[in-house]
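# Secondary and tertiary structure notes
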Amino acid sequence: LALAAALAASGSCLSREVNIYSSRHYASDQAIYAEFTRQTGIAINRKEGKPEELLQLILAQGQASPADVFITVDAGNIWKAEQANVLAPLDSPEIRARVPANFREESGLWFGVAKRIRMIFVADAQAAALNVNSYADLADPRLKGTVCVRQSSNVYNLSLLASFIAENGATAAETWAKGVVSNMARPPEGGDTDQLLGVASGQCSVALANHYYFLRLARDAAPDSKAAAAKLKPVFPDQSGKGAHANITAAGLVRWSPHPAEAKQFLEFLVTDKAQGYFADLTNEFPIVSSVPLPAALQKLGAFKVNDADVRSYGKFQAEAQQIFDRAGWK
Ligand code: FE
């Protein structure tokens, strides 16, 4: 009997694991997973893919899904998981206490684990003359032929426009989108880094990109990258208005999680100072927990005001944002 009990115990030990379905592919995440396993003895198995693919997979697996935790970037993507009914509410006073209410779903379906700011980058040499301070400026006729932005199908742009719809209505959002289209230096192409390089190379004077692409460029070992970053002036938009647009990396418990206790332990670990520090250090994302100290690279960007919009609105108006972009001719 003792032997049977010992075997059962060791068996249950071996099954202490969490299966994470993640659309992220950053070194920071592996460091976080390794630290979690070191602290708890709980093994982590990862499955990576595009957010849509992972959601479809979990839905196809249904109750048989091994997925415990879903992680993705952008409130627009986690909102899709919520809509697909793939997540279960997690009751965690700890997460509620550490994550501001506008960065999580109120019943606990998901929460932000890190923050990303959609910033404006201006050619340093022209910054004083152009005087760009707001998202509205990107649509101002004075910037005609100077703006680099990526395609409208990109979720970062969709979430930004969705936030404008929520804040100022669809008509104002469409006027803005049309204004930006008529200011474009070139048809939208490439990712956020390509927009930064567009400014550095002189193809455009102003770009829209998430803050960490700039920090990544500045930290890159290649001298060309550093030189490119040095030509850019980062601008936190709307500092005299509602503040810079913030988005999140988000996580939630999968509805059919076979290891809900371990998954909860992992999700709570993500908001600890230790894990928050990893996000800040390794992917240059801002901690979602405001008391966590910023590493030097983030501090260097300076203090700024964040728009405290409820990020759920980014999901709600995502489809309408795409329609507006299409009407505005934003490719
Ligand atoms: Fe990104």
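This write-up is about the structure you can find in this document. Remember, predicted model here, so these are calculated numbers, not experimental data.

## So, the state of the cysteines
For the coordinates displayed, the defined rule picks out one disulfide. Two residues, C148 and C204, share a disulfide whose sulfurs are 2.1 Å apart. Of note, the bridge from C148 to C204 carries an S-S torsion of about -100° and is left-handed in sense. Taken together, the residues C148 in strand 6 (residues 147-148) and C204 in the loop between helix 9 (192-200) and strand 7 (206-210) connect sequence positions 56 residues apart.

## Some remarks on the pattern of salt bridges
Within the structure shown, the criterion is met by 16 salt bridges. E285 is the partner of R24 in a salt bridge, and the nearest nitrogen-oxygen pair spans 3.0 Å. On the criterion of sequence distance, the pair formed by R24 in the loop between strand 1 (17-22) and helix 2 (27-40) and E285 in the loop between helix 13 (273-282) and strand 10 (286-287) is long-range, its members being 261 residues apart. For the pair formed by R24 and E285, the shared burial category is buried.

## Overview of the layout of surface pockets
Estimates place the volume of the largest pocket at around 410 Å³. What lines the largest pocket is a set of 19 residues, and nearest its centre among them are S23, H25, P51, V73 and Y156. Split into classes, the residues belonging to the lining of the largest pocket amount to six nonpolar, six polar and seven charged. Of the voids in this model, the second largest pocket is the one considered here, and its volume is about 250 Å³. Lining the second largest pocket are 17 residues, and of these Y135, F164, E167, N168 and D238 lie nearest its centre. At the level of secondary structure, the elements contributing two or more residues to the lining of the second largest pocket comprise helix 7 (155-168) and helix 8 (170-183). Of the residues that constitute the lining of the second largest pocket, the class distribution is eight nonpolar, seven polar and two charged.

## Focus on the nonpolar core
Among the nonpolar cores identified, the biggest contains 110 residues, and F70, I120, W176, F266 and L267 are the most heavily contacted of them. Here this core gets nine residues from one element, more than from any other, and that element is strand 5 (residues 111-123). Ignoring any residue separated from it by four or fewer positions in sequence, one finds F266 in contact with V18, I20, Y33, F36, I44, V69 and I71.

## Considering the packing of helix 9 against helix 10 (residues 211-219)
Two quantities define a packed helix pair, namely the angle between the helix axes and the distance between the axes. Where helix 9 contacts helix 10, the two axes come as close as 9 Å, and the packing angle between them is 65°. At the point where helix 9 passes helix 10, the crossing takes the right-handed sense. When helix 9 is examined against helix 10, the residues D192, T193, L196 and L197 are found in contact with a partner set consisting of Y213, F214 and L217.

## What about the coordination of the iron ion?
The protein atoms that coordinate the iron ion are Y156 (OH), Y212 (OH) and Y213 (OH), at distances of 2.0 to 2.2 Å. Sequence spacing of the donor residues for the iron ion, all on one chain, is Y-x55-Y-Y. Of this pair, Y156 sits in helix 7 while Y213 sits in helix 10; the two residues are 57 residues apart in sequence, bridging distant segments of the chain. This pair shows no difference in class: Y156 is buried, exactly as Y213 is.

## Brief notes about the pairing of strand 9 (residues 246-254)
Most of strand 9 is tucked away: nine of the nine residues are buried. Relative to strand 9, strand 3 (residues 69-73) is paired through five bridges, and the arrangement is antiparallel. For V69, the partnering residue across the bridge sits in strand 9 and is L253. Bridging between strand 4 (residues 87-88) and strand 9 involves two bridges; their strand directions are antiparallel. Opposite A88, over in strand 9, you have L253 as the bridge partner. Pairing of strand 5 with strand 9, which is carried by six bridges, proceeds in the antiparallel orientation. Note that in strand 9 the partner of K115 across the bridge is I248.

Calculation notes
- Residues numbered from 1 in each chain as written.
- Predicted model: local features only at pLDDT ≥ 70, side-chain atom pairs only at ≥ 80, totals over all residues.
- Heavy atoms only, no water.
- Disulfide = S-S within 2.5 Å.
- Helix = DSSP H or I, 4+ residues; strand = E, 2+ residues; numbered from the N terminus.
- Salt bridge = Lys/Arg side-chain N within 4 Å of Asp/Glu carboxyl O.
- Buried < 20%, exposed > 50% of the residue type's maximum accessible area, 1.4 Å probe, protein only.
- 1 Å grid on protein atoms, 1.4 Å probe; cavity = no way out; pocket = protein on both sides within 12 Å on 5 of 7 lines; lining within 4 Å.
- Points joined across faces, edges and corners; volume = space filled by probe spheres on them.
- Nonpolar A, V, L, I, M, F, W, Y, C, P; charged D, E, K, R; others polar.
- Core = buried A, V, L, I, M, F, W, Y, C linked by side-chain atoms within 4.5 Å.
- Contact = heavy atoms within 4.5 Å.
- Axes fitted to C-alpha atoms, helices over the stretch in contact; angles between N-to-C directions.
- Left-handed = near helix turned anticlockwise from the far one by under 90°.
- Donors = N, O, S within 2.8 Å, 3.2 Å for Na, K, Ca; no water.
- Pairing = 2+ DSSP bridges.

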